[in-house]
Amino acid sequence: MYDREFAKFIKIAVETLKEETIYQMVQQSVEYQKEKDLSGLAEERYLELDLTKEQREVCDVLLDCRDSQNLEYADFSYIAGLYDAFRILVAIFPDKWDMEQMQKVLCVNLKTE
């Protein structure tokens, strides 16, 4: 029970902190803003294409799948970064951190999604 409740808490905390952190980072990233602008132009061009309804649906499903996969990958990357940070802390301060407990919590967090 403790692990599952703690994992839910970690999941909420990670999602909240991640969104705030990432938002600040992308707002300051010139490269991200350029890619965002290019993406907007590409979307406009896509919408202007003379596609059949079936062709557009196939493209939309593909794009949705890629978006979903990218979001999932970003979540795993963020959690992996946290895990690596804890591993570094354990290496530096071995008496202060319980790596086994952190690993359990992060693994439970991934399984509850």
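This is a predicted model, so every value here is computed, not measured. (Residues numbered from 1 in each chain as written. Predicted model: local features only at pLDDT ≥ 70, side-chain atom pairs only at ≥ 80, totals over all residues. Heavy atoms only, no water.)

Student: Hey, could you run me through the overall build of the protein in this one?
Tutor: Helix and strand content of the protein: 4 helices and 0 strands. The helix and strand sequence of the protein, counted from the amino end, reads α-α-α-α. In the protein, buried positions account for 13% of the 113 residues. Here the analysis covers contacts within the protein between residues at least 6 apart in sequence; of these, 58% occur between residues at least 24 apart. (Helix = DSSP H or I, 4+ residues; strand = E, 2+ residues; numbered from the N terminus. Buried < 20%, exposed > 50% of the residue type's maximum accessible area, 1.4 Å probe, protein only. Contact = heavy atoms within 4.5 Å.)

Student: Explain the packing of aromatic side chains here, please?
Tutor: Aromatic rings in a pair are described by how distant their centres are and how their planes are angled relative to each other. Enumeration over the complete set of coordinates arrives at 0 aromatic pairs. Stacked on the ring of Tyr46, the Lys or Arg Arg56 has its end atom at 4.9 Å from the ring centre. (Phe/Tyr/Trp six-rings, centres within 6.5 Å; stacked < 30°, edge-to-face > 60°. Lys NZ or Arg CZ within 6 Å of the ring centre and 35° of its normal.)

Student: Would you mind going over the side chain of Arg56 with me for this structure?
Tutor: Turning to its location among the elements, Arg56 is positioned in helix α3 (residues 53-92). As a buried residue without a salt bridge, Arg56 has its nearest oppositely charged side chain in Asp60, at a separation of 5.6 Å. Ignoring any residue separated from it by four or fewer positions in sequence, one finds Arg56 in contact with Tyr46, Leu47, Leu49 and Leu51. (Lys, Arg positive; Asp, Glu negative; His and termini not counted. Salt bridge = Lys/Arg side-chain N within 4 Å of Asp/Glu carboxyl O.)

Student: Mind showing me how you'd approach α3 here?
Tutor: Compared with an ideal rise of 1.5 Å per residue, which puts 40 residues at 58 Å, α3 spans 58 Å between its outermost C-alpha atoms and is within 8% of the ideal. Residues of α3 that are buried: Arg56, Ile79, Phe86 and Val90. (Expected span 1.5 Å × (residues − 1).)

Student: Looking at this model, I keep getting lost on the side chain of Lys18. Mind explaining?
Tutor: Positionally, Lys18 belongs in helix α1 (residues 2-28). Leave out the neighbours within four places in its chain, and Lys18 touches Asp75 and Tyr78.

Student: Before we go on, may I ask you to explain a nonpolar patch on the surface in this structure?
Tutor: Taken together, the side chains of Ile88, Ile92, Phe93 and Trp97 present a nonpolar region at the surface, about 400 Å² in accessible area. Looking at the element boundaries, Ile92 is found in helix α3. Taking relative accessible area as the criterion, Ile92 reaches 51% and is therefore assigned exposed. (Patch = residues over 30% accessible without salt bridge, like charges linked within 9 Å, V, L, I, M, F, W, Y side chains within 5 Å. Areas by Shrake-Rupley, 256 points an atom, 1.4 Å probe, with all protein chains shown as cover.)

Student: What's the story with the pattern of salt bridges in this structure? I'm lost.
Tutor: Opposite charge on two side chains permits pairing when their charged atoms draw close. Under the criterion given, the structure shown has 2 salt bridges. Salt-bridge contacts for Asp84 lead to Arg87; the nearest nitrogen and oxygen are separated by 3.4 Å. Within this pair, Asp84 and its partner Arg87 are both found in helix α3, separated by 3 residues, close to a single helical turn. Looking at Asp84, the relative accessible area reads 37%, which means it is partly exposed.

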